[in-house]
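What the coordinates show
What follows is the residue order along each chain.
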Amino acid sequence: MGMFYWDPTYILVLIGMVLCLGASAMVNSAMSRYSKVRNSTGMTGAEAARRILNNEGLYNVQIECLKSGSGDHYDPRSNTVRLSCDNYNQPSVTAVGVAAHECGHAIQHAKGYAPLNFRSALVPVANIGSTLGMPLIILGVFLSWNQVLIRIGIWAFALAVLFQLVTLPVEFNASSRALAKIDQYGLLGGEETKGCRKVLTAAAMTYVAAAASSILQLLRLILLFGGNRRSDD
C-alpha cells in the first residue's frame, strides 16, 4: 500500500501542478497589468459587450455584473454575459478584452458553433465523471482490486478529461472572435489590441495547462490501476 504515499508516478502530478501554477501566474500578471491601462475609447467592459452584441444583432443577450470579484462567463441557458464588477465597470484594456471574449461565446451560441454544442452536451457526463471517477477507483482497490469498478472509474475520469479537451477549441475560437470584433468595431487602439491579445492568450493557457494536468493524472491512474493487479500481488 506504500504507493498511496509515494510512487514514481507522482512526478506526473507535480508536472501538472507546475503547469497550472505557471499558467495562473501568467494570466494574473497580464490581467492585472492591463486592468490598470485605460483604453483610448473610455469604454467599459459592459459598454464594449453591448456594442459587440448589438452590432451582431444579439439584442436578446443580457449583460450582468457579478457580485463576486471574478468568474466572467457566458451562460447559454439564460443568454447572459456575466462580468466581474471590475470588468463590468472599468474602461480598461483587460475589461474590454474579457467582455469581448464572453461575447465571442454568445456569438458561438447564436451561430450553433459545433464544439460549443458538443461541450454543452458533455457537461452532465463530465460532472458525473469528475465526481465518481476517483471514488470508484478507490472502492475497486479496496474490494480486492475489482477491475470492473476500477475500469469504470478510469473511464469516468476520462470523460472529464475529454470535456477539458473539447473546451480548448471553444476558448481559442472565442478569443479569436473577440479580437476580430474589437478590430472590426474599433474598440481598442493598435497598442491596446496587442495588450488585449496578451491577456486573452494568457487566459487560454490556463485551459491548456488544466487539460495537460488532467491528461497526466489520467495517465497516472492508468499506470497505477489499469493493469490486472490484485491485492495479493
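Everything in this summary refers to the structure shown in the same document. On a predicted model such as this, the values are computed, not experimentally measured, just so you know.

What about the nonpolar core?
Grouped together as the largest cluster of nonpolar side chains are 33 residues, with contacts concentrated most on Ile52, Leu53, Val61, Ile182, Leu187 and Cys196. The set of elements that each furnish at least two residues to this core consists of α1 (10-35), α2 (45-55), β3 (80-83), α4 (93-111), α6 (147-184) and α7 (190-225). Of the residues forming this core, the biggest block, 7 residues, is contributed by α4. Apart from the residues within four sequence positions on either side, valine 61 is in contact with Arg50, Leu53, Tyr74, Asn79, Thr80, Val81 and Ala106. By size, the runner-up hydrophobic cluster in this structure holds 12 residues, among which are Ile137, Trp145, Ile150 and Leu218.

Topic: unusual backbone geometry
You will see that asparagine 79, though not glycine, has its phi angle at about 50 degrees, which is positive. Relative to the helices and strands, asparagine 79 resides in the loop between β2 (73-75) and β3. One non-glycine residue with positive phi stands out, namely serine 144, at about 55 degrees. Along the chain, the position of serine 144 falls in the loop between α5 (114-142) and α6.

With respect to the packing of α4 against α7
Relative to each other, α4 and α7 sit at 60 degrees, their axes nearing to 9 Å. Judged by the inter-axis angle, α4 sits oblique to α7. You can see that α4 and α7 cross each other, and the crossing is right-handed. Here Val93, Thr94, Gly97 and His101 of α4 come into contact with α7, specifically with Glu192, Gly195, Cys196, Val199 and Leu200. Residue composition of the contact of α4 with α7, by class: 4 nonpolar, 4 polar and 1 charged.

A word on the layout of surface pockets
Its boundaries defined by the atoms lining it, the largest pocket holds a volume of some 960 Å³. Lining the largest pocket are 39 residues, and of these Asp72, His73, Glu102, Glu171 and Tyr207 lie nearest its centre. Those elements that provide at least two residues to the lining of the largest pocket are α1, β2, α3 (85-89), α4, α5, α6 and α7. Looking at side-chain class alone, the lining of the largest pocket contains 13 nonpolar, 19 polar and 7 charged residues.

Things to note about the environment of alanine 211
With respect to the secondary-structure elements, alanine 211 resides in helix α7. Judged by its relative accessible area of 3%, alanine 211 falls in the buried class. Along the backbone, alanine 211 and glycine 133 are 78 residues apart, and their C-alpha atoms lie at a distance of 16 Å. Beyond its immediate chain neighbours, meaning those up to four positions away, alanine 211 contacts Gln164, Leu165 and Leu168.

Conventions adopted
Residues numbered from 1 in each chain as written. Predicted model: local features only at pLDDT ≥ 70, side-chain atom pairs only at ≥ 80, totals over all residues. Heavy atoms only, no water. Core = buried A, V, L, I, M, F, W, Y, C linked by side-chain atoms within 4.5 Å. Buried < 20%, exposed > 50% of the residue type's maximum accessible area, 1.4 Å probe, protein only. Helix = DSSP H or I, 4+ residues; strand = E, 2+ residues; numbered from the N terminus. Contact = heavy atoms within 4.5 Å. Axes fitted to C-alpha atoms, helices over the stretch in contact; angles between N-to-C directions. Parallel < 35°, antiparallel > 145°, perpendicular 65-115°, else oblique. Left-handed = near helix turned anticlockwise from the far one by under 90°. Nonpolar A, V, L, I, M, F, W, Y, C, P; charged D, E, K, R; others polar. 1 Å grid on protein atoms, 1.4 Å probe; cavity = no way out; pocket = protein on both sides within 12 Å on 5 of 7 lines; lining within 4 Å. Points joined across faces, edges and corners; volume = space filled by probe spheres on them.

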